[in-house]
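Each chain is listed here by its residues.
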Amino acid sequence: MKRGATGVIAYLPGQPPALEFAGQAGFAVKGYACDLRLPANSSRVTAALPNGWRLEPYSEASDAARYADVLNASYADLWGHGMATPALVQTMLATLDPRDVFLVVDAAGVDVGCAGVTRGVSQSIDAPGLIAGYRSPEHYQSVLASTLIRLEPDSDVLLHSWGDQAATTTAYVALGFVETECTPMAWRGI
């Protein structure tokens, strides 16, 4: 506990014996690590962002400290995500097109999350991140749908969802994504 750890995360096979054993050991399933795929030429569902929200491309913000703050507020309290620094954000963005990395901003200009896509032969999306208080399956779904339309419809799209609740994963499936792999993630405090 020198480093301030407060718990242990376990990735579990989804079979009942593993889940039962984990429960007996004090673990509780809190989310799922899933890879999902949207097949090429699937119809793309459009969903309006809620309450006047918008996607602001990082190329317009160009503020690594702001983006690090949003990443931390969106992910750091979930599943042991490390803290992002402005230097880490700049390193990450060196490999991405800053027009494909977004801050999710509400109608008053307040940052509520982040999203991004990777174009190319293998198109992919990391599941959107939302700041606590804005997290709901419907919000995640609308941010994902609004991000998805930026990718080419003639190629598969891979979605990496790490730690989302089952209801959020279900919201992604409602957009046409198909689970290719899904592993329960369990947590036990120490």
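Before any of the text, the structure's been laid out above.
Everything in this summary refers to the structure shown in the same document.

Rules of the game
Residues numbered from 1 in each chain as written. Predicted model: local features only at pLDDT ≥ 70, side-chain atom pairs only at ≥ 80, totals over all residues. Heavy atoms only, no water. Helix = DSSP H or I, 4+ residues; strand = E, 2+ residues; numbered from the N terminus. Rg over C-alpha atoms; globule rule 2.2 N^0.38 Å. Pairing = 2+ DSSP bridges. Salt bridge = Lys/Arg side-chain N within 4 Å of Asp/Glu carboxyl O. Phe/Tyr/Trp six-rings, centres within 6.5 Å; stacked < 30°, edge-to-face > 60°. Buried < 20%, exposed > 50% of the residue type's maximum accessible area, 1.4 Å probe, protein only. Axes fitted to C-alpha atoms, helices over the stretch in contact; angles between N-to-C directions. Left-handed = near helix turned anticlockwise from the far one by under 90°. Contact = heavy atoms within 4.5 Å. Nonpolar A, V, L, I, M, F, W, Y, C, P; charged D, E, K, R; others polar.

## Section: the overall build of the chain
Scanning the chain from terminus to terminus reveals six helices and eight strands. N-terminal to C-terminal, the α/β element order of the chain is β-α-β-β-α-α-α-β-β-β-α-β-α-β. Whereas a compact globule of 190 residues would reach a radius of gyration of roughly 16 Å, the chain reaches 17 Å, a difference of no more than 12%. Dimensions of the chain, computed from the C-alpha atoms along their principal axes, are close to 50 × 40 × 30 Å.

## Quick look at the pairing of strand β8 (residues 178-189)
As judged from the five bridges shared by strand β1 (residues 7-11) and β8, these two strands associate in the antiparallel manner. Within β8, the position partnered with Tyr11 by the bridge is Met185.

## Details of the pattern of salt bridges
Summed over all chains, the structure comprises six salt bridges. Connected via shared salt-bridge partners are Arg54, Glu56, Arg66 and Asp111.

## Description of the packing of aromatic side chains
For the structure on display, the rule yields two aromatic pairs. Between Trp53 and Tyr134, the ring centres sit 5.9 Å apart and the planes meet at 70°, which makes this aromatic pair edge-to-face. Of this pair, Trp53 sits in the loop between β2 (28-38) and β3 (54-57) while Tyr134 sits in the loop between β6 (123-130) and α5 (137-148), and the two are 81 residues apart along the sequence. Overall, the relative accessible area of 8% leaves Trp53 in the buried class.

## Concerning the packing of α5 against helix α6 (residues 166-173)
Running from N to C, α5 and α6 cross one another at 35°; their axes reach a closest spacing of 9 Å. Considering how the two elements wind past one another, α5 and α6 form a crossing that is right-handed. Residues Pro137, Tyr140, Gln141 and Leu144 of α5 touch α6, and the partners they reach there are Ala167, Thr168, Ala171 and Tyr172. Per-class residue counts for the contact of α5 with α6 are six nonpolar, two polar and no charged.

## Looking at the sheet that holds strand β4 (residues 101-105)
On the basis of which strands lie adjacent, the open sheet formed by eight strands has the order β1-β8-β2-β7-β6-β5-β4-β3 and mixed pairing. The sheet terminates laterally at β1 and β3, the two strands that pair on one side only. Within the sheet, the average angular offset between the axes of one strand and its neighbour, ignoring direction, is 20°. With four bridges joining them, β6 and strand β7 (residues 157-164) adopt parallel strand pairing. Considered in β7, the bridge of Ile125 is made with Leu159.

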